[in-house]
Every structure is written in C-alpha cells, then in structure tokens.
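Residue-level structure breakdown
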Amino acid sequence: MLYFCTSIVSMANIFQKPLIDPAKSPVFYGYIILFVGTIGIYCSIPGQTIGVSVFTDPVKDALGLSRNQFSNAYMIGTIVSSLVIGRAGVWFDTYGARYVAFFAAITLGVTLFLCSWSAIMSSYIKDLLSVDTWMVPFVLMTVLFFMLRFTGQGVLTMASRNVIMIWFDKNRGKVNSFSSVALSFGFSTSPLWVNGLIEGYGWESTWQFLAIGLLLFSIFIYTFYKISPEKHGLLPDGAKSLSTEDEKQKVVTKQFTLTEAKKERAFWMYGLTLAFNSFFITGLTFHVVSIFTHEGFAKEDAISIFLPGSVVAVTVSTIFNFLSDYLPLKLYLYLMLLGGFLASLGFLLLSTAAGVPMLIAGFGILGGFFAVLNAVAWPRFFGRAHLGSITGKIMSFLILASALAPSIFSLCLSTFGSYEMVGYLGLAFLLFLVIGSLKANNPQ
C-alpha cells in the first residue's frame with residue numbers, strides 16, 4: 001500500500017507538464033472527461049462482482065475450492081479492501097484523478113494476469129511447501145480478490161466517477177444520465193460477453209484479454225483525466241462566467257469535510273441504502289446460477305435476467321438523472337427503497353409466476369437509482385472540495401456490503417437449505433432504512 005502511494009507521488013513530480021490543455025479544447029473539456037471517465041468506470045468490471053461472478057464456477061473447480069471456501073476468500077479480500085479504500089479518497093483529493101486512476105488501472109491489469117495464473121501458482125506453492133491443502137488456493141485467492149476489489153471496484157471506480165462530477169455542477173444530473181445509460185447496459189450485459197469469452201477461450205485467457213485492455217486504457221487515463229475545471233482556468237458546465245445567482249450560491253454552499261459529513265443523518269441513510277444495493281446485487285450476481293437452479297431454472301435463464309434488468313435500470317436512471325437537477329433527492333431515496341422491497345419480495349417468490357418479474361423490476365430500480373444517488377448526492381449535499389475523502393468513505397460501505405454478501409447468501413443456503421432467509425433479512429433492513437430516512441434531509 002505504501003509502495004502504491006509512493007509511486008503516485010514520484011510520478012506526480014516527474015510528469016508535471018500536461019499532454020493536453022483543457023483550456024485549448026474546441027469543446028468544453030468536461031464532455032471529454034464524461035466520455036473517458038465513463039469508459040474508466042466500465043473498465044472496472046473485472047474488479048466488480050458482476051465481472052467476477054462469471055468466473056466463480058470454473059475457477060473454484062480449477063483450484064479445488066468449495067463454493068463456501070471461494071465465497072469466504074472473496075469476502076475476506078473484499079473486507080480488507082473496504083478497510084483501506086478510504087485512503088484512496090484522500091489520494092484523490094491530494095493528487096487528483098489522473099495519477100490515482102492511472103496506477104489503479106495498471107495494478108488491476110497486473111492483478112488480472114496473476115488471477116489467470118492462479119491455478120499454476122497454487123500448484124507450484126503446494127509443490128514447494130510439500131503440502132496438499134485447500135488453504136493454499138484459499139489464501140492465494142484472498143490476496144488476489146483484495147487486489148481486484150481495491151483497485152477495480154474501489155479506486156478506479158471512485159476516481160473515474162468523481163472526476164466526471166467535479167467538471168459539472170448545474171448540469172450534473174443531465175450529464176450523469178448519459179454516463180448511466182452506457183454503464184447500465186455495459187454492466188448488465190457484461191456477464192453475457194465475459195461468459196462467451198470463457199466458453200470460447202477459457203477463463204485463463206479471458207482474464208488475460210481483460211488485463212491487456214486495462215493496460216492499454218491506462219494510457220488514455222494518463223492523457224485525458226484532469227482533476228477540475230478551475231485548475232485550468234475554466235468553470236463547471238463550460239460557463240463563461242459566474243452569474244449573480246451563481247456567485248450567491250458559491251458563497252452559501254458549505255464545503256463539508258468528511259468529519260462534518262459523518263455528523264449528518266443524510267450521510268448514513270443514503271450511504272446505507274446504497275450499501276444495501278451493493279449487498280443484494282452482489283449476492284444475486286455471485287450466486288445467480290445456484291439461486292435459479294435451486295428453484296428449477298436453467299443456467300441460461302439465470303444469466304438472462306440481467307438484460308431486462310438493465311432496460312429497467314437504464315430507463316430509471318435516464319429519466320431521474322435528468323430530473324435530479326430539479327427534484328429533491330429524498331424522493332429518489334424512497335423510490336430506491338421501494339425497488340429494494342420489490343427485489344426482496346421477488347427473491348422470496350422466485351418459484352412463482354410473479355417472482356422473476358418482481359425481481360427484475362426491483363433490482364433494475366435499485367440499479368437505476370444507485371446510478372443517480374451515488375454520483376449526484378455527495379457533491380450536492382457536501383460540496384466538491386473534499387469529494388474524494390467523502391466518497392471514499394461511502395465506497396468502504398459499498399465494498400464491505402459486497403464483501404459480506406456472497407458468504408451470507410452461501411451460509412443461508414448451507415444452513416437453511418435455501419436462500420429465502422436473505423429475502424427476509426433484506427425486508428427487515430429496508431424497513432429500518434425507511435424509518436431512519438424520515439429526517440435524512442439535505443444538509444445544505
């Protein structure tokens with residue numbers, strides 16, 4: 001971790017002269033940031049649960065791990081990631097998106113190469129130590145999962161999303177709608193094309209293909225990512241000058257530090273609602289084949305739910321991102337909680353005719369509003385000055401929730417013989433969030 005941070009400082013001192021000057025761009029440079037930053041978030045897929053889940057069965061079989069062991073390795077690696085991801089937010093505020101995202105992409109690419117060699121490394125370590133135990137591949141995958149989750153789901157995602165939000169203010173919701181459309185379809189359909197690569201070329205080669213793509217994209221990150229419009233003599237949204245109204249807004253908008261933000265109920269209620277989304281979607285995608293086959297569905301039926309779910313998510317995120325510049329976000333919070341109730345009920349009623357449609361609608365609504373609130377809420381509520389540290393802390397909630405999900409889902413199956421208990425736990429937690437959010441108002 002210290003090496004990662006030291007490398008950022010060293011590179012920041014060596015390469016000071018920008019390759020591209022945003023002030024000389026023929027179009028507002030924020031739109032270039034929007035395009036490249038969206039691709040940056042998309043490139044985090046190999047470190048996201050939706051990108052890892054397709055590898056679960058072939059990799060655990062190749063390493064000789066049970067589903068519980070593989071899930072626990074994922075959980076431990078992700079929990080450790082959640083404990084240190086807050087530091088990445090501080091790096092973002094200190095060094096900017098360019099260096100943080102650049103090194104995250106390189107590290108993620110190298111990690112994917114290591115993942116592709118995990119079976120070989122496991123066999124080599126066993127021979128070297130003259131042992132034949134599941135602990136060797138378990139520890140190996142725990143370390144690799146930590147690196148995947150920290151760099152992919154954590155640092156690269158946070159830096160790429162924040163750099164987009166920093167370049168816009170009044171039009172933040174509208175801009176986020178374009179990014180959300182691309183990402184919703186991209187993330188939701190990724191299991192299909194990743195699974196196709198695995199079936200065509202094997203899981204080892206698939207991870208290597210993804211690694212090469214990330215290393216190539218790191219060049220684009222270094223070239224195009226810029227921390228803020230003000231650093232280059234520009235204003236958010238491409239404005240030529242601040243109007244009188246904007247000047248007043250600039251004065252009254254408080255720039256919260258992380259310590260101050262944590263004293264606000266909105267910080268916790270919005271953060272925990274987003275964390276529920278991470279928990280539910282992670283558990284569902286990680287065990288989706290097992291969940292559906294347990295209810296009598298085929299593997300193809302399980303994977304196919306992501307496409308209609310993405311349609312719902314894209315529709316919700318597009319409409320409500322655009323309207324977020326005009327509507328209170330508390331309304332969005334409760335609509336997202338409604339999506340959580342639908343998803344949990346659909347999960348419990350999966351074997352019935354209404355189960356699958358409710359599940360698809362529920363997790364689509366969850367995903368749609370997640371795309372809005374996780375991007376728009378934090379700069380609106382707490383300002384842009386300390387956005388990295390604040391979103392870094394929120395990211396730790398999301399990663400911790402996603403860390404616990406696979407093992408809790410798996411534990412419910414092994415203990416109770418079905419996944420139903422997860423649905424009941426979800427409904428109870430959602431009820432708590434509904435009550436707790438009554439006074440979760442915008443601190444501005």
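Quick caveat, the model's predicted, so the values are computed rather than measured.

What follows covers the packing of helix α8 (residues 135-166) against helix α19 (residues 387-416). Packing of α8 against α19 leaves a shortest axis separation of 10 Å and a crossing angle of 140°. Our classification of the angle between α8 and α19 gives oblique. Regarding α8 and α19, the two cross each other, and that crossing is right-handed. Contact residues: α8 offers Arg149, Gln153, Gly154, Thr157, Met158, Arg161, Asn162, Met165 and Ile166, while α19 offers Leu387, Gly388, Thr391, Gly392, Met395, Leu398, Ile399 and Ser402.

The subject of this paragraph is the pattern of salt bridges. Opposite charge on two side chains permits them to pair, given that their charged atoms come into close proximity. What the rule picks out here adds up to 6 salt bridges. The partner of Arg67 in a salt bridge is Asp57, with the nearest N and O atoms 2.8 Å apart. Here Arg67 is found in helix α5 (residues 67-95), whereas its partner Asp57 is found in helix α4 (residues 56-63), with 10 residues between them in sequence. Residue classification places Arg67 among the partly exposed positions, given a relative accessible area of 23%. Of the residues examined, Asp57 reaches a relative accessible area of 28% and is grouped as partly exposed.

So, on to the side chain of Asn195. On the secondary structure map, Asn195 appears in helix α9 (residues 172-201). We classify Asn195 as buried; its relative accessible area is 13%. If sequence neighbours within four positions are ignored, Asn195 has contacts with Val54, Lys299 and Ile303.

Okay, the packing of helix α13 (residues 265-286) against α19 next. Axes are the key here: two packed helices are described by the angle between their axes and the distance separating the axes. Interaxial distance between α13 and α19 falls to 7 Å at its minimum, and their mutual angle equals 35°. When you trace α13 past α19, the crossing you get is right-handed. Contacts from Phe267, Trp268, Gly271, Leu274, Ala275, Ser278, Phe279, Phe280, Thr282, Gly283, Leu284 and Phe286 in α13 reach Ile390, Lys393, Ile394, Phe397, Leu398, Ala401, Ser402, Leu404, Ala405, Pro406, Ile408 and Phe409 in α19. Counted by class, the contact of α13 with α19 contains 18 nonpolar, 5 polar and 1 charged residues.

The subject of this paragraph is unusual backbone geometry. If you check the backbone angles, Ser130 has positive phi at about 55° while not being a glycine. As for its placement among the helices and strands, Ser130 is situated in the loop between α7 (118-129) and α8. Note on Ser130: relative accessible area 65%, which makes it exposed. Unusually for a residue other than glycine, Asp237 sits at a positive phi of about 70°. Residue placement: Asp237 occurs in the loop between α10 (203-224) and α11 (244-252).

Parameters and conventions
Residues numbered from 1 in each chain as written. Predicted model: local features only at pLDDT ≥ 70, side-chain atom pairs only at ≥ 80, totals over all residues. Heavy atoms only, no water. Axes fitted to C-alpha atoms, helices over the stretch in contact; angles between N-to-C directions. Helix = DSSP H or I, 4+ residues; strand = E, 2+ residues; numbered from the N terminus. Parallel < 35°, antiparallel > 145°, perpendicular 65-115°, else oblique. Left-handed = near helix turned anticlockwise from the far one by under 90°. Contact = heavy atoms within 4.5 Å. Salt bridge = Lys/Arg side-chain N within 4 Å of Asp/Glu carboxyl O. Buried < 20%, exposed > 50% of the residue type's maximum accessible area, 1.4 Å probe, protein only. Nonpolar A, V, L, I, M, F, W, Y, C, P; charged D, E, K, R; others polar.

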